[in-house]
Amino acid sequence: MDDKLLCGIALGMVGGAILATHSHKTREVIKDGEQQIKEKVDNLKKPAKKSK
């Protein structure tokens, strides 16, 4: 059972990588997601402004 699961995960990862490298739309979605994550991380790094 575990071998089948690991093989399925590996095949899924390879299939996803192939899909991402050959699909323009998929690359754009990945780039947009990365940009959103970077913006959120940057916002978390900025100190919160305290109002007085």
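Use the structure listed above.
Since the model is a prediction, treat every value here as computed from it, not as a measurement.

Q: Got a sec to walk through the overall build of the chain? Specific residues and values, please.
A: Secondary structure summary: the chain contains two helices and zero strands in total. A burial count over the chain gives 4% of its 52 residues as buried. For the chain, the accessible area works out to roughly 5,300 Å², and carbon and sulfur atoms hold 63% of it.

Q: Can you explain a nonpolar patch on the surface? Please cite residues and give values.
A: Taken together, the side chains of Leu5, Leu6, Ile9 and Met13 present a nonpolar region at the surface, about 430 Å² in accessible area. Along the chain, isoleucine 9 turns up in helix H1 (residues 2-22).

Q: Break down the packing of H1 against helix H2 (residues 24-45) for me, citing the residues and quoting the values.
A: Contact geometry for H1 and H2: axes closest at 5 Å, N-to-C directions at 100 degrees. Relative to H2, H1 is oriented roughly perpendicular. Across the interface between the two elements, Leu19, Ala20, Thr21 and His22 of H1 pack against His24, Thr26, Arg27 and Ile30 of H2. Here the contact of H1 with H2 is composed, by residue class, of three nonpolar, four polar and one charged.

The rules we used
- Residues numbered from 1 in each chain as written.
- Predicted model: local features only at pLDDT ≥ 70, side-chain atom pairs only at ≥ 80, totals over all residues.
- Heavy atoms only, no water.
- Helix = DSSP H or I, 4+ residues; strand = E, 2+ residues; numbered from the N terminus.
- Buried < 20%, exposed > 50% of the residue type's maximum accessible area, 1.4 Å probe, protein only.
- Areas by Shrake-Rupley, 256 points an atom, 1.4 Å probe, with all protein chains shown as cover.
- Patch = residues over 30% accessible without salt bridge, like charges linked within 9 Å, V, L, I, M, F, W, Y side chains within 5 Å.
- Salt bridge = Lys/Arg side-chain N within 4 Å of Asp/Glu carboxyl O.
- Axes fitted to C-alpha atoms, helices over the stretch in contact; angles between N-to-C directions.
- Parallel < 35°, antiparallel > 145°, perpendicular 65-115°, else oblique.
- Contact = heavy atoms within 4.5 Å.
- Nonpolar A, V, L, I, M, F, W, Y, C, P; charged D, E, K, R; others polar.

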